[in-house]
Amino acid sequence: IFTECGVSIKEIELPQIAVVGCQSAGKSSVLESIAKQDLMPRGSGIVTRRPLVLQMINETKPYAYENKVYDTWAFFNHLKNKVFLDMQRVQDEITRNTNEVCGVNKGVSDIPILLKLHSTKIPSLTLIDLPGLTKIPVGDQPKDIDRQIEKLVRSYVQKENTIILAISPGNVDIANSDSLRLAREIDPRGLRTLAVITKVDLMEDTEESLNLLQGRSVNMRLGLVGVMNRSKKHLDDGMSPEEGITVENKFLREKFPSLCGVMGTPYLSKKLCNLLIKTLKEALPSVSEKVNRQLVDHKNLLKELGPEITDKKLEVMNLVMKFNGNLRDSFSGMLTTQETKKKKKTEVRDGVKLPVTVTLFYSAGSKLKDAIERHMAQLDEINIEESLKNIDQQISASCGYQPPLFVADSVFSRIVSEKIKSLDEPVMAVINAARETIDRVIKDIGSSTFVRFPTLEAEVVMYARQEVQAKVEQVQDFMKQFLAIQQGYINTSNPEFDERYTIASSLFKDGDTTAASSSDESLGQSPNGRNLEQRKKLEEREVKLMIKLVVHYFDITRKMVKDSLHKAIIRTMVLDLTETCNITILSQVLQTEAESLLCETQDLDIRRNHSKKMIETLTKAIRVMSNIGYR
């Protein structure tokens, strides 16, 4: 089921049977006998250079094709739509695909070949034929071929759910068996290792051989099964695997009459099926949990990817309205986003320094508010007192040749107007910062709303930003006019400016005290000297008064500018935008063919189809596991 869908066995970690043995130990021959077909390429040296996942499926009915009936047929996972009816072509495809992936220099690869074999004559069983263990590189083989192969084999057999089928040839001392050595390293208790002795017809006729086949000399918890392979002569004579089983059965009855019931390929097949079901039952809770979790994940993913669209124009309208609703809700604070950030500081837990993370919740409205306040601070940072140090020169210049008796209102108005002009640039900076924030919000909401349709996203974002630019220009024009009015007419009758009388009274009161004090000190001076000094004191008071009044009026104006600017941005760039954006964008977008707007990326279509297939296959797997659990 999982192989059919292309689900990674590594991810699910299903119980599986991995065939392990040295080169020419008879691994492939055992698989062919169980499958009752000549499937494996033959030759000298390393023939199996990639894992071959052989999935055997018992069928109740034969396969009908072009008025012929076949009891055996095969599919490769990399050629899903091609059926193989000739097993010789299966061998050729294994060789071709192996050379394509591994090259022809006897290299190996861990990329498996997935072969599904359907037949009315075989048990439902899955076996993994692994490259044969070797010690010495031959010909063009890499120098570390032994380590490469052992690493590959270990990657399969080290998993707890893997049954190790350790193949050892009967004509070699069992003490030198590489497969049993590796199996005992990985499975020292022998809980998942089944030993197979091949070529029993080549074993010496000794008591030691009998003890081995009876499991006395090698203690295997799951047992040991002896089988007879077809010899080279048998293969040259064209003996089929089924005929080989008949010859094997006859040989075992004659040679090992007391053991023939627990030896041979049919017994091995039955034992493997029972062992696999037993292992699967034990692993069922864990496997079932993983399968159910994946099923939920793929259902959620399919829901996120969305269904196929029937009425595309209606879908465009719905998505644009959803975009505008999300935009409105985000600015109002109803739609929030969660973000986790790492702080620079760390904290110590169990003696380990870990970065401190903080989870932030924010909306477009809060982001816009922060941006406005951050740039509004530039208005507050404007300090005009520094620029008023030469105000006495401005007062003198405004009076011409006539020495000033009192400072004229025109001087005050001109100075204030110049200082108000310094607000122009920071005001425009606040508007631009608001626009940049709104542009980013539009992009973010567009990305989340039009996940499936990048073309529609680009169109909507473009038109929304055009609408934002139009609103920005309205606010800019309004603020330019507002600042021009403030500069063009200085309203000294503003109620908030009444405080000027208090400022003047306080300043002149301090000035009178200073004047009286200086008068006492200058009793001995001439009248002209005293008049000159008093006039200087008066001028100083006039300058101080002018500075205080200019600063006071400027602060009042700055407060009004900030208030009007904030209101203009929110009213025009946010509220008006969300009220008119929907109609404006729809009128523009609907001029484009809906078919082209709802063009999905190929990746999304592939993911949707894959999730559908996964849901179907995982559901089937759950039913199968339920049946296994009740057996």
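Residues numbered from 1 in each chain as written. Predicted model: local features only at pLDDT ≥ 70, side-chain atom pairs only at ≥ 80, totals over all residues. Heavy atoms only, no water.

Turning our attention to the overall build of the protein. Assigned secondary structure in the protein consists of 20 helices and 13 strands. A fraction of 78% describes how many contacts in the protein between residues 6 or more apart in sequence connect residues 24 or more apart. About 34400 Å² of surface is accessible on the protein, with carbon and sulfur atoms providing 50% of the total. (Helix = DSSP H or I, 4+ residues; strand = E, 2+ residues; numbered from the N terminus. Contact = heavy atoms within 4.5 Å. Areas by Shrake-Rupley, 256 points an atom, 1.4 Å probe, with all protein chains shown as cover.)

Positionally, D187 belongs in the loop between α6 (178-186) and β10 (193-198). Here D187 occupies a buried position and makes no salt bridge, while the nearest side chain of opposite charge, R192, is found at 4.5 Å. Within the structure, D187 has its side chain in polar contact with the backbone nitrogen of L191 (distance 3.1 Å). Non-local contacts of D187, meaning those with residues more than four positions away in its chain, are made with I164, R192 and T193. (Buried < 20%, exposed > 50% of the residue type's maximum accessible area, 1.4 Å probe, protein only. Lys, Arg positive; Asp, Glu negative; His and termini not counted. Salt bridge = Lys/Arg side-chain N within 4 Å of Asp/Glu carboxyl O. Polar contact = N/O pair within 3.5 Å; in protein donor to acceptor, adjacent residues only side chain to side chain.)

The subject of this paragraph is the pairing of strand β7 (residues 113-119). When you tally the buried positions in β7, you get 7 out of 7 residues, the bulk of the element. Residues I113, L115, L117 and S119 line one face of β7 and the alternating positions L114, K116 and H118 line the opposite face, and both faces are buried. Across 7 bridges, strand β2 (residues 52-58) lies against β7 in parallel orientation. Looking across to β7, one finds that N58 is bridged to S119. As paired strands, strand β5 (residues 72-76) and β7 are joined by 5 bridges and run antiparallel to one another. Bridge pairing in β7 places A74 opposite L117. (Pairing = 2+ DSSP bridges.)

Another point: unusual backbone geometry. Glycine aside, residues mostly have negative phi angles, and peptide bonds mostly take the trans form. Located in the positive-phi region is S24, a residue other than glycine, with phi close to 65°. In this fold, S24 is placed in the loop between β1 (16-20) and α3 (27-35). Judged by relative accessible area, which is 62%, S24 ranks as exposed. A positive phi angle, close to 65°, is found at N67, a residue other than glycine. Position of N67 among the secondary structure elements: in the loop between β3 (63-65) and β4 (68-70).

To continue, consider the pattern of salt bridges. Enumeration according to the criterion identifies 23 salt bridges in this entry. A salt bridge links K232 to D236; the nearest nitrogen and oxygen atoms lie 3.1 Å apart. Within this pair, K232 and its partner D236 are both found in helix α8 (residues 232-236), separated by 4 residues, close to a single helical turn. Judged by its relative accessible area of 56%, D236 is exposed.

Now for the confidence of the model for the protein. Overall, the prediction assigns the protein a mean pLDDT of 80, with 79% of residues at 70 or greater. Mean pLDDT across the elements of the protein ranges from a minimum in strand β13 (residues 352-362), with 43, to a maximum in β10, with 93. Below pLDDT 50 for its whole length, residues 348-362 participates in 36 contacts with residues either more than four positions away or in separate chains. Here residues 513-523 is a poorly scored stretch, pLDDT under 50, and it has 4 contacts once near neighbours within four places are set aside; other chains count. (pLDDT = per-residue confidence, 0-100.)

One pass over the structure, following the stated rule, counts 6 aromatic pairs. Aromatic side chains F251 and F256 sit 6.4 Å apart centroid to centroid with 75° between the ring planes, which places their arrangement in the edge-to-face category. Take F251 and F256: they sit in the same class, and that class is buried. Joined through ring pairs, the aromatic side chains of Y63, Y65 and W73 make up one cluster. (Phe/Tyr/Trp six-rings, centres within 6.5 Å; stacked < 30°, edge-to-face > 60°.)

This part is about the nonpolar core. Across soluble globular proteins, nonpolar side chains have a tendency to be buried as a group. If you look at the biggest cluster of nonpolar residues, it comprises 60 residues, and the most contacted ones within it are V427, I431, I438, L456, M479 and I585. Looking at this core, the elements that each hand over two or more residues are α11 (312-332), α12 (364-380), α14 (409-420), α15 (424-449), α16 (454-488) and α18 (527-589). Element by element, the count of residues in this core is highest for α18, at 17 residues. In this structure, I585 is in contact with V320, F323, V460, Y463 and A464, ignoring residues within four places of it in sequence. If you look at the next biggest cluster of nonpolar residues, it comprises 37 residues, including A74, I94, I113 and L275. (Core = buried A, V, L, I, M, F, W, Y, C linked by side-chain atoms within 4.5 Å.)

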